[in-house]
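A closer look at the structure
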Amino acid sequence: MIPVRFPIAILIIIFIIASVFILARAAAPAQLIERTRLCMGTMVEIRAGVPSGWQRQRAEALIDKAFAEIGRIEGVFSVFKTDSEISKINALASDAPVETTGEVCALVERCLAYSKKTNGAFDITVKPLVGLWDRAKELKDVPSESAISAAAAKVGFRYLKVDAADKTVYFQRQGMALDLGGVAKGYAADRAAAMLMANGIRDAIVNLGGNMYCLGSYSGREMWRIGIRHPRERGKILMALKVKDKAVVTSGDYERYFIAGGRRYSHIIDPRTGHSIGDDIVSATVIAKDAATADMLATALCVLGREGLDMVKDVEGADAVIIRKNGNSFETFTTGGFMERYGATQGQ
Ligand code: FAD
Ligand code: MG
């Protein structure tokens, strides 16, 4: 782990649209298509280079298909939609095993594996606590310890049973519910990028509000340059990275949070304590082979902090950078070799 210290002059709390984003190039190639749409409560951006010899419309049609795939995944995994597969499971799985699709079973099983790997820091059964803290955000009032304990009693990946052969999901405790908010945007980025690649696109970025997969390179020549935004200062880049055929995902406390009693409460919950994560870890960025894995690890790192970097090193092809608040300054910690491996530079 390499600690890097840097001071901040003024602490400004701002609304930030995305925590990681594509850095502009001086000269964009003529054949780069850029499209944005609102999906999953976030701005989704797809950029793709038009392969040589292709009509532009052919690549545009594929980008439309990629957005359609993201929309399909939202329809399956959203807890904001009452007719989604996940909402169906949440309504029925405390009573009896609920039959679902192979896709849902497979992703839930991947999540369970990462719950074990992170000792419960990443846990999709966190929904009862997410609901409690969402209400707290509306009221700007921290929940009582008894309310936290009551919600936490309905949380625990050990009580979530998946039968891959029967394709069923079952809750061993009444009142349990799933929330795949910490993984499904990464999963969707992977699926959309895989769809583009399978149809002949070699260079593209799919970015769901900071959950991105970077396919190939920028205009077929240079590596994609990704900026990690400074957590508190508008317009300032903390770090720039170069990546190719990798996912880059950031989780942090700067988009969805509330402040009560002078303290910041993030939308990320420590499922083991029932509490929203504190003011300590500001953000975690994970680079991995796929965005679903990076998404799970980034959420877990926000809970685990610096100690979680050892766990990231155990995942093949994964690296991470954590930003931690330290008084009036921020510190960054990375997995070993991070700066060299991604040609990372501080600032732009
Ligand atoms: P991440 O760190 O990746 O995820 C944090 C989210 O995961 C939390 O918001 C919570 O839902 C959950 N979580 C919290 N703690 C943990 C933990 N320890 N382990 C596992 N999970 C945890 N937002 C809207 O406002 N409107 C919508 O209609 C909407 N639809 C969505 C549909 C889908 C399919 C998805 C995936 C998300 C949707 N969202 C929507 C956004 C969602 O509510 C979350 O806020 C968002 O996924 C947070 O993602 P993130 O990358 O910022 O943070
Ligand atoms: Mg996540």
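Below or above, wherever it landed, is the structure these notes cover. Quantities reported herein were computed from a predicted structural model and do not represent experimental measurements. (Residues numbered from 1 in each chain as written. Chains lettered and ligands numbered in written order. Predicted model: local features only at pLDDT ≥ 70, side-chain atom pairs only at ≥ 80, totals over all residues. Heavy atoms only, no water.)

As a further point, take unusual backbone geometry. Even without being glycine, Lys140 reaches a positive phi, approximately 50°. Relative to the helices and strands, Lys140 is located in the loop between α4 (127-139) and α5 (145-152). The backbone of Lys167 sits at a positive phi, close to 55°, despite the residue not being glycine. Relative to the helices and strands, Lys167 is located in the loop between β6 (160-163) and β7 (168-171). (Helix = DSSP H or I, 4+ residues; strand = E, 2+ residues; numbered from the N terminus.)

With that settled, consider the nonpolar core. Judged by nonpolar contacts, the single largest core of 78 residues is most densely connected at Ile70 and Phe77. Per-element tally for this core: the top contributor is helix α7 (residues 291-304), with 10 residues. What Ile70 contacts, discounting residues up to four positions off in sequence, is Cys39, Met40, Val44, Ile46, Ala188, Ala192, Val206 and Leu208. If you look at the next biggest cluster of nonpolar residues, it comprises 23 residues, including Leu32, Val248, Phe338 and Met339. (Core = buried A, V, L, I, M, F, W, Y, C linked by side-chain atoms within 4.5 Å. Buried < 20%, exposed > 50% of the residue type's maximum accessible area, 1.4 Å probe, protein only. Contact = heavy atoms within 4.5 Å.)

Around ligand 1, a shell composed of 24 residues is seen, among which Asp179, Gly181, Ser251, Ile269 and Thr299 lie nearest. Within the backbone of Ala121, a nitrogen or oxygen atom sits 2.9 Å from a nitrogen atom of ligand 1. At 2.7 Å, a backbone N or O of Gly181 approaches an oxygen atom of ligand 1. For ligand 1, whose accessible area on its own is 930 Å², the fraction buried by protein is 88%. For the shell around ligand 1, the secondary structure elements donating two or more residues are α6 (184-198) and α7. (Near = heavy atom within 4 Å. Polar contact = N/O pair within 3.5 Å; in protein donor to acceptor, adjacent residues only side chain to side chain. Areas by Shrake-Rupley, 256 points an atom, 1.4 Å probe, with all protein chains shown as cover.)

Before going further, it helps to spend a moment on the coordination of the magnesium ion (ligand 2). Those protein atoms acting as donors to the magnesium ion (ligand 2) are Gly182 (O), Asp295 (O), Asp295 (OD) and Thr299 (OG1), and they sit at 2.0 to 2.6 Å. For the magnesium ion (ligand 2), the donor residues sit on a single chain with the sequence spacing G-x112-D-x3-T. Here the residue Gly182 occupies a position in the loop between β7 and α6, and Asp295 occupies one in helix α7, the gap between them amounting to 113 residues. Here the two residues Gly182 and Asp295 agree in accessibility, since each one is buried. (Donors = N, O, S within 2.8 Å, 3.2 Å for Na, K, Ca; no water.)

Purely spatial values, then, with no claim about function.
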